[in-house]
Amino acid sequence: MQDAALATAPPSRLGRLANGVRAIFRVVVDVALPQLCASCREPVGSDGLCPACWSRISFIAPPYCERLGIPFPYDPGPGVLSLEAITDPPDYRRARVAVRFDDIARALVHALKYGDRLDLAPMMGRWMATAGRVLTADADALIPVPLHWRRYWARRFNQSALLAEAIAKTSGVPVELGALKRVKATPQQVGLSQSARALNVQGAFRVSPAGKAAVAGRRLILVDDVITTGATVDACARALLRAGAADVSVLAFARVVAAVRAPI
Ligand SMILES: [Zn+2]
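About the criteria used
Residues numbered from 1 in each chain as written. Predicted model: local features only at pLDDT ≥ 70, side-chain atom pairs only at ≥ 80, totals over all residues. Heavy atoms only, no water. Helix = DSSP H or I, 4+ residues; strand = E, 2+ residues; numbered from the N terminus. Buried < 20%, exposed > 50% of the residue type's maximum accessible area, 1.4 Å probe, protein only. Donors = N, O, S within 2.8 Å, 3.2 Å for Na, K, Ca; no water. Tetrahedral: all angles 85-135°; square planar, octahedral: opposite > 155°, others 65-115°. Patch = residues over 30% accessible without salt bridge, like charges linked within 9 Å, V, L, I, M, F, W, Y side chains within 5 Å. Areas by Shrake-Rupley, 256 points an atom, 1.4 Å probe, with all protein chains shown as cover. Salt bridge = Lys/Arg side-chain N within 4 Å of Asp/Glu carboxyl O.

Visitor: What's the story with the environment of Leu192 in this structure? I'm lost.
Guide: Mapped onto the secondary structure, Leu192 falls in the loop between β3 (180–182) and α10 (194–200). For Leu192, a relative accessible area of 32% corresponds to the partly exposed category. Residues Leu192 and Thr229 lie 37 residues apart in sequence; the distance between their C-alpha atoms is 10.0 Å.

Visitor: Whenever I open this one, the side chain of Asp247 confuses me. Can you help?
Guide: The residue Asp247 is located in strand β6 (residues 247–255) in this model. Residue classification places Asp247 among the buried residues on the basis of a relative accessible area of 15%.

Visitor: I keep staring at the coordination of the zinc ion and nothing clicks. Help me out?
Guide: Looking at the metal site, the zinc ion is ligated by Cys37 (SG), Cys40 (SG), Cys50 (SG) and Cys53 (SG), spaced 2.3 Å from it. With 4 donor atoms in place around the zinc ion and angles of 103 to 117 degrees between them, the coordination shape is tetrahedral. Of note, the zinc ion draws all its donor residues from one chain, in the sequence arrangement C-x2-C-x9-C-x2-C. Of this pair, Cys40 sits in the loop between α2 (11–28) and α3 (51–56) while Cys53 is found in helix α3, placing the two residues 13 residues apart along the sequence. Since its relative accessible area comes to 3%, Cys53 is described here as buried.

Visitor: Looking at this model, I keep getting lost on a nonpolar patch on the surface. Mind explaining?
Guide: The grouping of Trp149, Tyr152 and Trp153 at the surface amounts to a nonpolar patch, some 430 Å² of accessible area in total. The topology assignment puts Trp153 in helix α8 (residues 149–155).

Spelled out as structure tokens, the structure:
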């Protein structure tokens, strides 16, 4: 399910974006400019992806579950929800996601997180801003899912905060940093079952006393790189709602979509 506008955008648009990105990141990070496709590592000049990998990106476009943003194989009509949204509704109001988590999406996320390809964040954030237009239209602030301070020290940056900054540039919704804290250093979620993931992040997030004013009564968008079961963003949403947030939605770069799901 490709978004026609995004899928057919010529690479030259990315090229222009990359020029802007280069100007920004030259100031911020002193890294060699990317010359390789983030997915297949073919030389690509200044673009983040080569044309072949670009054409394989699986953008999530309607029809999808109004609540969770999970794509449907056919259009069931307006307002129809996925089975997940009905049987196990999240605490956040709704989620929107830019792409399916497949090989290309994984390569982009890993390059951003572990490969020092911070230059990819503006492109990924722009895709997220497009997917989340309905959310940013009436939101007060973007809140990146925080890292525990030890992981932040080790990585030196929070990839979700970089994505949030890029979404802010496109949408005009400001980023709120520091209000939401990760107070428990949780093990990586990889390989855990759905219930183990939920247990793993229980009590892991808290709104700081100083951050209460930035949260109470406000309409917030949580920003994350990948949604797997949704346990992490749901734990964040609960912390924000407990602190008095008026509304919490989720905007992610990629979502694991297990199989083709028929709406019910
Ligand atoms: Zn490629």
